[in-house]
Amino acid sequence: MSIRTLGRLRHVALIALMGIAVSIGFATGSADAKTKDGKYLIYYSMSYVGNAWQTEAKNSLVAMSKTAAYRDRVEVRVQASGANAQRQIQQMNAMIQAGADAILAFPISPTALNGVIRNACKKGVVVVVINGVSEPCAYIVKIEGVAFGKRKAQWVIDQMGGKGNLVSIVGVPGVSYSEDHEQGVQEAVAASPGVTVVANLVGMWDQS
């Protein structure tokens, strides 16, 4: 799977985020347009902002909200917490208090946000997350990280002729996709006795 293919998958995930949030709100009747011009108020809660993917995700989502399919129906507001779960929780609480109809989120932790997500659901806010949390009331859109990590690692191993040393650079510790991806890498390595991981480094998904 190429990086271009991954980009398409992520774009599909973003489309799914917006589509799920709007369709669920309409179907359940839980959404109640909150903006002055009668639009549904949708927040995008970004977490880590140190790479091109997060910037691309934000730009794509905002651009989608201005298309004919959504511009008369939704208003999207974006907030970024950085790699700080407590700040993301505080921001999401403020979104709920501001009358959000839906919150789309890239969670910095698969567990830390459970309380604020549960609170949002109780108040009728549709919560859709990319990559995943363990709170069952949230709708989850995700790429199969283990399979993707394994496939990418296997490609590298094949290019090495099935033997040699590897350095594995992981993303943000604690983020479910990063951990799933690394699990896939380790599974590929475990199935290749001629390959050794000589170092694991934390890259924080930093573009540089």
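Residues numbered from 1 in each chain as written. Predicted model: local features only at pLDDT ≥ 70, side-chain atom pairs only at ≥ 80, totals over all residues. Heavy atoms only, no water.

> Which parts of the structure should I look at to understand the state of the cysteines?
Two cysteines whose sulfur atoms are joined by a covalent bond form what is called a disulfide. By the definition in use, this model includes one disulfide. Here Cys121 engages in a disulfide with Cys137; their sulfurs sit 2.1 Å apart. Around the S-S axis, the bridge from Cys121 to Cys137 shows a dihedral of about 80 degrees and counts as right-handed. Pair noted here: Cys121 is in helix 4 (residues 114-122) and Cys137 is in the loop between strand 4 (126-130) and strand 5 (139-141), with a separation of 16 residues, a long-range link. Residue class for Cys137 comes out partly exposed when judged on its relative accessible area of 26%. (Disulfide = S-S within 2.5 Å. Helix = DSSP H or I, 4+ residues; strand = E, 2+ residues; numbered from the N terminus. Buried < 20%, exposed > 50% of the residue type's maximum accessible area, 1.4 Å probe, protein only.)

> Got a minute to help me understand the environment of Met46 in this structure?
Relative to the helices and strands, Met46 is located in strand 1 (residues 40-46). For Met46, a relative accessible area of 6% corresponds to the buried category. With 34 residues separating them in the primary sequence, Met46 and Ala80 have C-alpha atoms 4.5 Å apart. Not counting residues within four places of it along the chain, the set of residues in contact with Met46 comprises Gln54, Lys58, Val78, Gln79, Ala80, Ser81, Gln88 and Phe106. (Contact = heavy atoms within 4.5 Å.)

> Explain the pairing of strand 6 (residues 164-170) to me, please; I cannot follow it from the model alone.
Where a strand is regular, its side chains alternate between the two sheet faces. The sheet contact formed by strand 6 and strand 7 (residues 195-202) spans seven bridges and is parallel. Counted as the bridge partner of Asn165 is Thr196 from strand 7. (Pairing = 2+ DSSP bridges.)

> Sorry if this is basic, but what is going on with the nonpolar core here?
Generally speaking, a soluble globular protein has its nonpolar side chains buried in company with each other. Ile42, Tyr44, Val74, Leu104 and Phe106 are the most contacted members of the largest nonpolar core, which has 21 residues in total. Contributing elements (two or more residues each) for this core: strand 1, helix 2 (52-65), strand 2 (74-80), strand 3 (102-105) and strand 4. By residue number, the principal contributor to this core is strand 1, which donates four residues. (Core = buried A, V, L, I, M, F, W, Y, C linked by side-chain atoms within 4.5 Å.)

> What's the story with the pattern of salt bridges in this structure? I'm lost.
Two side chains with opposite charge may pair up if their charged atoms get near one another. As enumerated under the stated definition, the model contains five salt bridges in all. We note a salt bridge from Glu75 to Arg77, for which the minimum N-O separation is 2.7 Å. What makes Glu75 partly exposed here is its relative accessible area of 25%. Given the relative accessible area of 33%, Arg77 is considered partly exposed. Close ionic contact of Arg118 with Glu135 constitutes a salt bridge, the shortest N to O distance being 3.0 Å. Here Arg118, found in helix 4, pairs with Glu135, found in the loop between strand 4 and strand 5; they are 17 residues apart in sequence, far enough to count as distant. Here Glu135 falls in the buried class, since its relative accessible area comes to 8%. (Salt bridge = Lys/Arg side-chain N within 4 Å of Asp/Glu carboxyl O.)

> I would appreciate a short explanation of the sheet that holds strand 5 in the present structure.
Strand pairing in a sheet relies on backbone hydrogen bonds. The paired strands run either parallel or antiparallel. Sheet architecture is open: five strands sit in the order 2-1-3-4-5, paired in parallel fashion. Each edge of the open sheet is held by one strand with a lone partner, namely strand 2 and strand 5. Across this sheet, the average inter-strand angle for adjacent strands is 20 degrees, counted without regard to direction. Where strand 3 and strand 4 come together, four bridges link them in parallel fashion. The partner of Ala105 across the bridge, within strand 4, is Val129. Along the sheet, helix 3 (residues 85-97) makes contact with strand 1, strand 2 and strand 3, crossing strand 1 at roughly 175 degrees. (Axes fitted to C-alpha atoms, helices over the stretch in contact; angles between N-to-C directions.)

> Please explain the pairing of strand 1 as it appears in this structure.
Burial analysis of strand 1 places seven of its seven residues in the buried class, which makes it a mostly covered element. Pairing between strand 1 and strand 2: seven bridges, direction parallel. Within strand 2, the position partnered with Ser45 by the bridge is Gln79.

> What should I look at first to understand a nonpolar patch on the surface in this one?
A cluster of nonpolar residues, Val167, Ile169, Val198 and Leu201, forms a patch on the protein surface that exposes about 370 Å² of accessible area. Elements represented by at least two residues in the nonpolar patch include exactly strand 6 and strand 7. By the secondary structure assignment, Leu201 is in strand 7. Looking at Leu201, the relative accessible area reads 44%, which means it is partly exposed. (Patch = residues over 30% accessible without salt bridge, like charges linked within 9 Å, V, L, I, M, F, W, Y side chains within 5 Å. Areas by Shrake-Rupley, 256 points an atom, 1.4 Å probe, with all protein chains shown as cover.)

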